[in-house]
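# Remarks on the overall topology
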Amino acid sequence: QVPRPFEDMTVFENVLAAAVFGSGSPRRERDAVGPALAALERTHLVDRANDRAGTLGLLSRKRLELGRALATQPRVLLLDEIAGGLADAAGLELIDDVKAIRTEGTTIVWIEHVVHALLAVVDRMVAMSFGRKIAEGQPDVVMASPAVQEVYMGVAPE
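Residues numbered from 1 in each chain as written. Predicted model: local features only at pLDDT ≥ 70, side-chain atom pairs only at ≥ 80, totals over all residues. Heavy atoms only, no water.

This brings us to the environment of Lys 99. Positionally, Lys 99 belongs in helix H4 (residues 88-103). Using a relative accessible area of 32% as the deciding quantity, one classes Lys 99 as partly exposed. Along the backbone, Lys 99 and Ala 120 are 21 residues apart, and their C-alpha atoms lie at a distance of 8.2 Å. Aside from chain neighbours lying at most four places away, what touches Lys 99 is Ala 120 and Val 121. (Helix = DSSP H or I, 4+ residues; strand = E, 2+ residues; numbered from the N terminus. Buried < 20%, exposed > 50% of the residue type's maximum accessible area, 1.4 Å probe, protein only. Contact = heavy atoms within 4.5 Å.)

On to the pairing of strand S3 (residues 125-129), then. Burial along S3 is one-sided: the residues Met 125, Ala 127 and Ser 129 are buried and none of Val 126 and Met 128 is. Bridge count for S3 against strand S4 (residues 132-137) is 5 bridges, and the pairing is antiparallel. Across the sheet, the residue bridging to Ser 129 is Arg 132, located in S4. What sits between S3 and S4 in their antiparallel hairpin is a turn of 2 residues, with Phe 130 showing a positive phi close to 50°. (Pairing = 2+ DSSP bridges.)

Enumeration according to the criterion identifies 11 salt bridges in this entry. Between Arg 48 and Asp 51 there is a salt bridge, with the nearest N and O atoms lying 2.4 Å from each other. Here Arg 63 ties to Asp 97 by a salt bridge, and the two come within 2.8 Å at their closest N and O atoms. Taken together, the positions of Arg 63 in helix H3 (residues 58-70) and Asp 97 in helix H4 put the pair 34 residues apart, joining distant regions of the chain. Note on Asp 97: relative accessible area 4%, which makes it buried. In this structure, a network of salt bridges that share partners links the residues Arg 63, Glu 93 and Asp 97. (Salt bridge = Lys/Arg side-chain N within 4 Å of Asp/Glu carboxyl O.)

For the rest of this paragraph, the subject is unusual backbone geometry. At His 44, a position not held by glycine, the phi torsion is positive, near 60°. Along the chain, His 44 falls in the loop between helix H2 (29-42) and H3. Unusually for a residue other than glycine, Phe 130 sits at a positive phi of about 50°. Relative to the elements of secondary structure, Phe 130 occurs in the loop between S3 and S4.

What follows deals with the packing of H3 against H4. Here H3 crosses H4 at 15°, and the two axes come no closer than 10 Å. Taken together, the axes of H3 and H4 lie roughly parallel to each other. For the pair H3 and H4, the sense of crossing is right-handed. For the pair formed by H3 and H4, the contact residues are Leu 59, Lys 62, Arg 63, Leu 66 and Leu 70 on the first element and Ala 90, Glu 93, Leu 94, Asp 97 and Ile 101 on the second. Among the residues forming the contact of H3 with H4, the class breakdown is 6 nonpolar, no polar and 4 charged. (Axes fitted to C-alpha atoms, helices over the stretch in contact; angles between N-to-C directions. Parallel < 35°, antiparallel > 145°, perpendicular 65-115°, else oblique. Left-handed = near helix turned anticlockwise from the far one by under 90°. Nonpolar A, V, L, I, M, F, W, Y, C, P; charged D, E, K, R; others polar.)

According to the relative accessible area criterion, Arg 63 is buried, its value standing at 10%. Those residues in contact with Arg 63, other than ones at most four positions away along the chain, are Thr 43, His 44, Leu 45, Glu 93, Leu 94 and Asp 97.

This is the structure we're talking about:
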C-alpha cells in the first residue's frame with residue numbers, strides 16, 4: 001500500500017536487489033541484471049535508473065515497487081492497493097501497466113478499493129466484507145450483487 005524503497009539506493013539498485021534476493025533462491029548479480037533491466041523497462045523507469053529512490057514521486061515509487069516485484073520474475077503477482085492515493089491520470093497510467101503485465105501472462109491477485117481500477121483489468125472479482133466473501137464472479141455480476149450494493153455503495157436492500 002505504501003511504497004517503501006531503499007531511499008538512499010538508486011532505482012536500479014532497488015530493482016537489482018529484488019532480482020538478486022527476491023526470487024526465493026539468490027542469483028548472482030550478473031544473472032540478475034537482465035531481469036532488473038526488463039523490470040525497469042516494463043515499469044517505465046529506465047530513464048530514472050540512476051536517480052535515488054527517495055527523490056521519486058508517488059507514481060514512480062509505486063512503479064518502483066511494481067518493478068521490484070517483477071524483477072523476481074513471478075508467475076503470480078500480488079498487488080495490494082497499488083492504485084491508492086494516486087490522482088486519476090496517474091491511476092490510469094498504472095492501470096495500463098497492470099493490464100500489460102497481465103496480458104504478458106502473469107497471473108495477478110489484486111486487493112484494491114479503487115474499484116474502477118479493478119473493473120478496467122480483472123476477469124473475476126471477489127468482494128469481501130469483514131473477512132467474509134459476499135460475492136464472486138464476473139465484475140459486472142459482482143457489482144450488481146445486492147450485498148455488494150449495500151456494503152460498498154450504501155444502497156439499502158429492497
